[in-house]
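# Summary of structural features
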Amino acid sequence: MKIHDLITTTEALEQLCTRLATSEFVVVDTEFMRENTYWPELCLVQIANEQEAAAIDPLADGIDLAPLLELLTANEEVLKVFHAGGQDVEIIVNLTGKTPYPIFDTQIAMMAISQSEQIGYANLVESWLGLTIDKGARFTDWSRRPLTDRQIEYAIGDVTHLSKIFPKILKRLIKTGRGAWLDAEMEKLGDPSNYLTDPGEAWRRIRQPGRNPQVLGRLKALAAWRESEAQHKNIPRGRIMRDETLADIASHPPRQQADLAKVRGLSSAWRDNDIGKRLMKVLEKAEPLDKDDIPEKMKRGAPLGKEGALVADLLKLLLKIRAREIDVAARLLTRAEEMEALAAGVRDLPVLQGWRFEVFGREALELVDGKLAFAVRNGKLTMTHIDEMQAIMEQPQAAE
């Protein structure tokens, strides 16, 4: 494989992207910094196919990333391959408003062909190629220039290794016939709305202090305000105010700005600074949350109770058994909260739809309905239908 020198000009980038545009797939990875910013700062892009690989410096003077972004978001003939690519895709969405398409994530694919739950890149490389990755440059400051040869070599390794692994994963996936299982997962990964932050919806990520419309109205208004402040200043939202502090103010709003100095988590400067004034104006204008927007009392369905909790535990055990039998990650089939909802009587669930129903959901329902039982056969815990168990138990009696 040809490894190019660090690309720092638009001309070199255009030439690379022209060649890559004829590939069946390209492997993509990014290095970025976001510890001190709201928006992730793109510091390096690595890209490869089976013949060549290169690192691209988006911070180079005068470089235009348009050829690369067009390849990633407008060329539908080339499959874009990532590993745990959520944050990489977020950066591309921030730059273009679009996601790479078509898209494939090897971490998700591994869940369909093995019991690996969110396998890390280093473990993936060791598993498929028998190589140990040098992690020395993993926590480097990618925004500093010039980049060292070691940094660039480390970064390019992420795509050169994956360009060899992806065809192997694809071959295994085709052999198992589980490619269709991943369609919905890849569509979700490729949905731009998953990466665009709506300040008006930011309150839903915060632990809600009860279901009081007035409190929730203030929580929504404050969360939207904090999100807009963080975006405008380009700093992490927690630097404005922590979730706990925001929820506390929503529940116990100060009567005047001077009272902000008494709020745990805020500095005394809030009593008379501009940001404190803006916060007070938000509280003054906050309206009670519409009843239709108030979250359900129990997102997971009715309260489980002791018996329901036991049923949920049995469903989770069933999930472990089924995942082991078909060699698939349990997380791909369903989540713990879905099992609890199913035990609580909820039926409008992903696990009871499509291929998940055929693979696991049907048996989960049978267990809840008392038609399925656990049995130990040859030292292994298995699932057995009640009718089959009764037939087995009756066989010796028939022989007598």
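Above this note sits the structure.
Residues numbered from 1 in each chain as written. Predicted model: local features only at pLDDT ≥ 70, side-chain atom pairs only at ≥ 80, totals over all residues. Heavy atoms only, no water.

## Considerations on the pairing of strand 3 (residues 41–48)
Taken residue by residue, a regular strand's side chains alternate between the two faces of the sheet. Put simply, the rule reads: Partly exposed residues are those whose accessible area sits between 20% and 50% of the maximum for their type, while under 20% is buried and over 50% is exposed, using a 1.4 Å probe and protein chains only. Secondary structure follows DSSP: runs of H or I at least 4 residues long count as helices, runs of E at least 2 residues long count as strands, and numbering of each begins at the N terminus. Two strands qualify as a pair provided that DSSP identifies no fewer than 2 bridges between them.
The buried fraction of strand 3 is high, at seven of eight residues. When strand 2 (residues 25–33) meets strand 3, the two strands line up antiparallel, connected through seven bridges. What sits directly across from Val-27, in strand 3, is Ala-48. The antiparallel hairpin formed by strand 3 and strand 4 (residues 52–56) contains three residues in its connecting segment.

## A few points about the packing of aromatic side chains
Rule in force here: Put simply, two rings from Phe, Tyr or Trp (the six-membered ring, in Trp's case) pair if the centres are within 6.5 Å, and we call them stacked under 30 degrees between planes, edge-to-face over 60, tilted for the rest.
According to the stated counting rule, one finds six aromatic pairs in the structure shown. Summarising the aromatic geometry, the rings of Phe-104 and Phe-166 are spaced 5.1 Å apart at their centres and angled 70° between planes, so their arrangement reads as edge-to-face. Linking Phe-104 in strand 6 (residues 103–105) with Phe-166 in helix 6 (residues 149–176), this pair joins segments that are 62 residues apart in sequence. When its relative accessible area of 9% is taken as the criterion, Phe-104 is described as buried. Residues Trp-225 and Trp-270 carry aromatic rings whose centres are separated by 6.5 Å and whose planes lie at 75° to one another, so their mutual orientation is edge-to-face. With Trp-225 in helix 8 (residues 213–233) and Trp-270 in the loop between helix 10 (243–251) and helix 11 (274–285), this residue pair connects regions lying 45 residues apart in the sequence. An aromatic cluster of at least three residues, connected via ring pairs, comprises Phe-25, Phe-104 and Phe-166.

## Observations regarding the pattern of salt bridges
Pairing between side chains of opposite charge can happen when their charged atoms approach one another. Inclusion rule: Each salt bridge in this description consists of a side-chain nitrogen of Lys or Arg and a carboxyl oxygen of Asp or Glu lying within 4 Å of one another.
Summed over all chains, the structure comprises 16 salt bridges. A salt bridge links Arg-278 to Glu-229; the nearest nitrogen and oxygen atoms lie 2.6 Å apart. With Arg-278 in helix 11 and Glu-229 in helix 8, this residue pair connects regions lying 49 residues apart in the sequence. For Glu-229, a relative accessible area of 10% gives the class buried. Across the salt bridge formed by Glu-358 and Arg-362, the nearest N and O atoms sit 3.0 Å from each other. Taken together, the residues Glu-358 and Arg-362, both in helix 15 (residues 354–368) and four residues apart, mark about one turn of the helix. Of the residues examined, Arg-362 reaches a relative accessible area of 34% and is grouped as partly exposed. Among the charged side chains, a salt-bridge network with shared partners connects Glu-185, Lys-188 and Arg-356.

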